[in-house]
Structures are given as structure tokens and as C-alpha cells.
Protein chains: 2
Amino acid sequence: MRNVPVVWSEASLLHDPGAEVWVGVPMQGTEVAERVTVIRDALVAAGAELVPATGHDETVLHAVHDPDFVMHMATIHDAWMGAGFKELVGQDRVVPYVFPTEALLGGLPLRTPTAIHGRAGRYGYDTMTLIGPGSWAAMRGAVDAALTAVDLVRGAAAGPAVRVAYALCRPPGHHATPSGYGGSCYLNNAAVAAEGLRRTGAAKVAIVDIDAHHGNGTQAIFYDRSDVYYGSLHVDPGAGWFPHYVGYAEERGRGAGTGSNRNLPLAEGTGDDGWLAALTEIVTEVSEFEPQALVVSLGVDAALDDPESPLRVSRDGYHRAGVLLGELGIPTVAVQEGGYHLPTLGGLVVATLTGLAS
Amino acid sequence: MRNVPVVWSEASLLHDPGAEVWVGVPMQGTEVAERVTVIRDALVAAGAELVPATGHDETVLHAVHDPDFVMHMATIHDAWMGAGFKELVGQDRVVPYVFPTEALLGGLPLRTPTAIHGRAGRYGYDTMTLIGPGSWAAMRGAVDAALTAVDLVRGAAAGPAVRVAYALCRPPGHHATPSGYGGSCYLNNAAVAAEGLRRTGAAKVAIVDIDAHHGNGTQAIFYDRSDVYYGSLHVDPGAGWFPHYVGYAEERGRGAGTGSNRNLPLAEGTGDDGWLAALTEIVTEVSEFEPQALVVSLGVDAALDDPESPLRVSRDGYHRAGVLLGELGIPTVAVQEGGYHLPTLGGLVVATLTGLAS
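Okay, so let's go over this structure. (Residues numbered from 1 in each chain as written. Chains lettered and ligands numbered in written order. Predicted model: local features only at pLDDT ≥ 70, side-chain atom pairs only at ≥ 80, totals over all residues. Heavy atoms only, no water.)

Description of helix α11 (residues 315-326) of chain B
Residue and element names in this part refer to chain B. The cut-off we apply is this: Elements are defined by DSSP. Helices are runs of H or I of four residues or more, strands are runs of E of two residues or more, and each kind is numbered from the N terminus. Multiplying 1.5 Å by the helix residue count minus one yields the expected span of that helix. Think of it in three bands: residues with accessible area under 20% of the maximum for their type are buried, residues over 50% are exposed, and the middle band is partly exposed, with areas taken using a 1.4 Å probe on protein chains only. A contact between two residues is defined here by any heavy atoms of the two lying within 4.5 Å. Whenever a nitrogen or oxygen atom comes within 3.5 Å of another N or O atom, the pair is scored as a polar contact, on the condition that within protein one atom can donate a hydrogen and the other can accept it, and that pairs from neighbouring residues in sequence are kept only if both atoms are in side chains.
If you check α11, its first and last C-alpha atoms are 16 Å apart, about what twelve residues at 1.5 Å a residue would give, namely 16 Å. G317, Y318, A321, G322, L324, L325 and G326 are the residues of α11 that are buried. Of the surrounding elements, those touching the buried residues of α11 are β6 (205-209), α10 (272-289), β9 (293-298) and α12 (342-356). Sitting at the amino-terminal end of α11 is S314, which places a side-chain oxygen 3.3 Å from the backbone nitrogen of D316.

Shown next, in the form of C-alpha cells:
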């Protein structure tokens, strides 16, 4: 693991959503700060070097997200507190309650509501992705971690360029769309990494998303572009899994992006064989795409013990996935996405990165 | 009040949302069954005759709502209980958690998710409109009440035709869109009444919505039609009020419906003078539209004491509104919408209907 620098931001520990509101019930979520510490400790024990994330400006962030959305994320918690929701109803986290679906809008143009409680649903598309006092610092730190990892593979940070760098991002990002957040994701770290690699010499970048859930945000950000390929293997949303509305096989890109988006939905219960066969299919397509750089959306929630998905991938399966992706042999930024089973989380990440850098 | 039959359905008492989930916090709502009993008792005390709603088939209901949406409303609670959400997280009411806004869909076609908890947000656009065991019976009973009131002004029920009939509907309906529910509304009783009047002899029907909130559902149902006028006075959604995204002055209808939709948003604190001036403007436009029948969306939550709006209309103001609308002199179905201040609710409805039938 000495050849894979691990970028992280102390700020990642500041994000405390406090709860998830799921079907109207506030409950303890699994996207907790301890995820970072167990992964970090496992990587350090495996010999990895920790690299603090360095600050980066908004150039790349604003290329993948609407700046109005970014401004909303930066300011909404202060606005929420200032508007007195904590005193009014005891809620010191931002949670939307009304959502401008087509069922509400009926073809009218989308406005940004005046009221903060109305505006929250303009950008947030679920009730399980709460914004608390440290959330902005954490999400912005995760973006900096992704961009610092890009610097490392470009040789733009201290020391020579490495082939593989890993950004221990929290909160995760792949459900964050150009102007929307949800699924415990706020800003899209993987998309930021891909755009950062594009702007530092790669004419084409591939993103391979091995998180158990479809990365609808990453897909949406690059859906119309031919220069960034997005491939994902994930539990079939049609079998009843998040994000429910997106992540189907027929989503192949649009306009110039047609053909550079690939979804391989997997049946519940899929284990190593089916999962690695799907990954092989995507890696083959990536080879044909001929990218100069790779981003891996590294979610380890497809693992057998993970509480958030019904896939059954082993630690060895994750290692072999790393090997398959590493064989592409191109500069690679791995970005942490999901993974919620604290006892096994660190080992799964170590196994994957060991394969990736082998 | 002897000349205004009051149609109601016992089933209206069966709807018990149990709570509203507002900004992630389950709290006691104000749309309670006691609303019906206090209005009913005040009307009976004022000499009104109670008429039980009679059953009507789906013909008119399916003309204003997507039949798939109606089927969802009829079946979702049973499906929810069958899927075990009560056992799983203690939630025996249907509450969505993920919503297919454009921020989520990114231009992809809208699907109906497989999972019940995913599907709930396909139709429900907020978290404050819960569906419990008696909800379907109540909402369907409210539709029957509206259609029975239509029968009464048409002379299609027992006895001669009356000029004004009142449907004591609960739950209210004017936020229910062609395929969406929210704002404590499930099926659009006023739209059903208007469509019922269209199908029984009126070439043109006007709907005047005096509820404190914009009736975005009714607007959406008739937005493209020239045969049904919709006019609403309501607290300005731009000042921070529900439905936040819809209800603005520039929404004037679309296609064939251009010009037959009219919104007069009012500033917070508007009292009798401003409110009645706006109503006069709408009544003038209704006269010019020359409808053969009228539907009044009778919400009394614009009243001074109501907890759900910042308007300050007096009981006398409501009486004068009734007079203004009654002077149109055409067959009229008044449909109960909002109104949440239990001590004054009955008197406000009596005052309005007395004016309407004078």
C-alpha cells in the first residue's frame, strides 16, 4: 500500500447528519464519521501514507455543479438556523418537505422558492440526506481530497506522480447531480476528479462505479458528453433499490454522449461471479473507449455483510475487481463512495486498492 | 340555510393522517376529523338539511385524474401494510422519502418504481400528506359528496334542483393535481364538481378558489382547457407560502386554456378590503367568461384566527364574499377546502353559504 497515497480531510469528520428521515421516520443512519476512521486506520496499518487534502478553488466544482446549487449547499444550514427552525420545531438539520416533481409543477417552469423550507426541496430530492453544521466543511473537504488525489497522479503535488491515488472522501458523492443532492451524497467527488483529470491532460476519462448503488449523479453530470465514459454495476433499481428512478440498462447517454454511459443492473444476491463478470464487461468497454485516465467510484457496500445492499461480494472479489481495473494501467484516482459495515469496511478498501496498484 | 343542502359522507371521519411530517419532524397536523363535525353542527344549527353522499362511478374522477394515480391512491395503504413497514420502522402511514424531481431525473423519462417506498414519491409531492387505513374511503367519499352536490343543483337527486349546494368534503382537494397529491389533499373534489357540471349541461364552468392557499391542483387539471375558468386569491407563494412553486400571477393558462386561469397572490396580512377587492376582480372576470355553472373552492383559512395562513379576513368578509359570488346567479356547488381554527370554522362556513344563497 506504500504506492497508493491516501488523501483525506479532517473536515470529513465534521459532517453529522444526525439522522436519516426514511418514510417519515427519523432514524439512525449508517453514513457515520466512524467510516472514515476505520478505513484510515486499516490503510495506515497496511502501510499507506496519509496526505492531507489541500484547498482548491471552485473552478472544477463549478464545471460539474450549477454554481447556484453550490452556493445553496454552502449557505443553507446557516440560513436554516437563522430562520429559527431549531426553535420552531426542534429541527437543526436541513430537511426538505415539498418537492417540485412534475406532479406538482405540471409543466410550469421551476422556480427557486423564497422560503428556506420550500427552497430545500429545490435541490434535495430525498429526506434522508440531512445538512448539519459541519456538513459544508466536510463536503468541500471531500472535493479538495478528490482534487488533491488528481494532483498526486499528475505530479502536481509534492513528489513524483503516482499511478494510483485514493481520496478517502466523506460524505460520498455519486448520487449528487448537476443541481441536486440525495442518497447521503452532496457534492460529486468522483465527477470532480474526472473533470480535474480532463483539465490536466486527459482527452478522455473513464469512470467505473463499483458502489452497490447506481451513481445517478455522476451519470447525470456526464450524460451528454463524449469525453467522459461512465460505467456502473449495481443492484437493479427495478428490483426496488435506490435510486429507484434511474440506473437502468437502457440509459446509454444522450446527444454527443450516446454510447458512453453503461449500466449493468444486477439481481439481488449477486456474488463474486456475476459481479466480476459485469465488471469485466465494463472494463472491456473502457479499454475500447481508450481513456487516458480512470476514476474508480469505490463503494464497498456490495460486500456480503453490508447492511445497505443485497449484493454478496467477498473481500477477494473486491481484490480481484481492483486487479481488473489496475490492468488498465492508466493514471487512476479512486474515490471513496459507500460502504457501511464498520467491522469489514477497512479490509475491503485495502483489498481493492492493493489489487488496483498491483 | 334551509335552501342550501349540505352533502357529507360519514367516511370523511375515517381519514386520520396521524401526523404531518414537516421538515423531517412528525408533528400533529391541523387537518383533523373534528373539522367536519364542527362545520356540520354549525350548519345544522343554522337550519341546514344534511344529505348523505351517494355513490358515483369513476367516470368523472378518471376525467380529472390519471386512472393509474387513482388506482395508486386506492391501493397504496394496503400495499404499504402488506410490505411490513409498520413492523420494519413503525410507520403505518404512507410517507414518501425520495422524489423524482428534475434534479434527480436529469431529463430521463419518469418511471413508476417497483418498491412501494420508492413509488410513494411518484405521486406524493410532499411529506405532510399521509395516507392511513381510512384515507381512501374518506377521499372517495369526498368525491361522492362533490358529485352528489352536482346532482342536487341539476335536480338529479331527490327533490327539485337547488341553485346552491354545498359539499362538506374532507379531506380537502384543491392541491391534488392530475397525478399528484400533497398539501393535505388527495383527490380534487372541486375539479370533480366542475367536470361533473360540464358533463350535465354547462358548456362553461368557472371555479373560484377563496382558500388561503393557491389551488395548484385545480389549476393544473384545467390549465390547458378553455371550457373551465380557474380564478384564485391566496397568500403569495412568493412570500414564502405553500405551494411555493406554483400560484403566481403570470400563470394565465396554456394553449387553448390561455387566459382562463387567473391568480391574484395577496400580501401577508391582507384583510377584508384587499381580499374582497381581489375577489371582485375575479368575479368580474367570471362574468365576462359567461359560465353556466360555478364551483366555489370554499376554504375559510384566510380568516384572521386561522393557524395556517397570515391573511386576516373577518367573518363578515367571508359573508360578503358569499354575496359577491351569489350575485352571479348561476347554479353553484360550494366545496369545502381548508379552514383549521376549530372554534370559528363553523361560523365562517355558515356566513359564506348564507351570503352565497341570499
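Moving on, there is more to tell.
Remarks on the interface of chain A and chain B
Stated formally: Throughout, buried area stands for the accessible area (probe radius 1.4 Å) lost by two parts on being put together, summed over both. Salt bridges are defined as contacts in which a side-chain nitrogen from Lys or Arg sits within 4 Å of a carboxyl oxygen from Asp or Glu.
Across the boundary between the two partners, chain A contributes 59 residues, which contact 59 residues of chain B. Summing the contributions of chain A and of chain B, the shared interface buries around 4800 Å²; its carbon and sulfur component is 66%. Contact with chain B buries area across many residues of chain A, yet Y97(A), R111(A) and Y245(A) alone supply 19% of it, more than any other trio. Joining chain A to chain B, the criterion identifies two salt bridges. Put simply, E250(A) and R111(B) hold a salt bridge, and the shortest N to O gap is 2.4 Å. At the boundary of chain A with chain B, the tally comes to 20 residue pairs in polar contact (both at pLDDT 80 or more). Those elements that place two or more of their residues in the side of chain A that touches chain B are β2 (20-22), β3 (25-27), α4 (85-89), α5 (102-105), α6 (116-123) and α9 (216-222) of chain A. Counting residues per element, the side of chain A that touches chain B draws most heavily on α6(A), at six residues.

Things to note about the packing of helix α10 (residues 272-289) of chain A against helix α11 (residues 315-326) of chain A
Residues and elements named next belong to chain A. Heads up, the rule is: Only the stretch in contact is used when a helix axis is fitted, and all axes are lines through C-alpha atoms; the angle between N-to-C directions ranges over 0 to 180 degrees. Roughly parallel refers to an angle under 35 degrees, roughly antiparallel to one over 145, roughly perpendicular to one between 65 and 115, and oblique to any angle outside these ranges. Each residue receives one of three labels: charged for Asp, Glu, Lys and Arg, nonpolar for Ala, Val, Leu, Ile, Met, Phe, Trp, Tyr, Cys and Pro, and polar for the others, Gly being one of them.
Here α10 crosses α11 at 10°, and the two axes come no closer than 10 Å. Here α10 lies roughly parallel to α11, going by the angle between them. For the pair formed by α10 and α11, the contact residues are D272, W275, L276, L279, T280 and V283 on the first element and G317, Y318, R320, A321, L324 and L325 on the second. Residues that form the contact of α10 with α11 fall into these classes: eight nonpolar, two polar and two charged.

Quick notes on the environment of E20(B)
Residue and element names in this part refer to chain B. Turning to its location among the elements, E20 is positioned in strand β2 (residues 20-22). The class of E20 is buried, set by a relative accessible area of 13%. As for E20 and T30, which are separated by ten residues in sequence, their C-alpha atoms are 8.7 Å apart.

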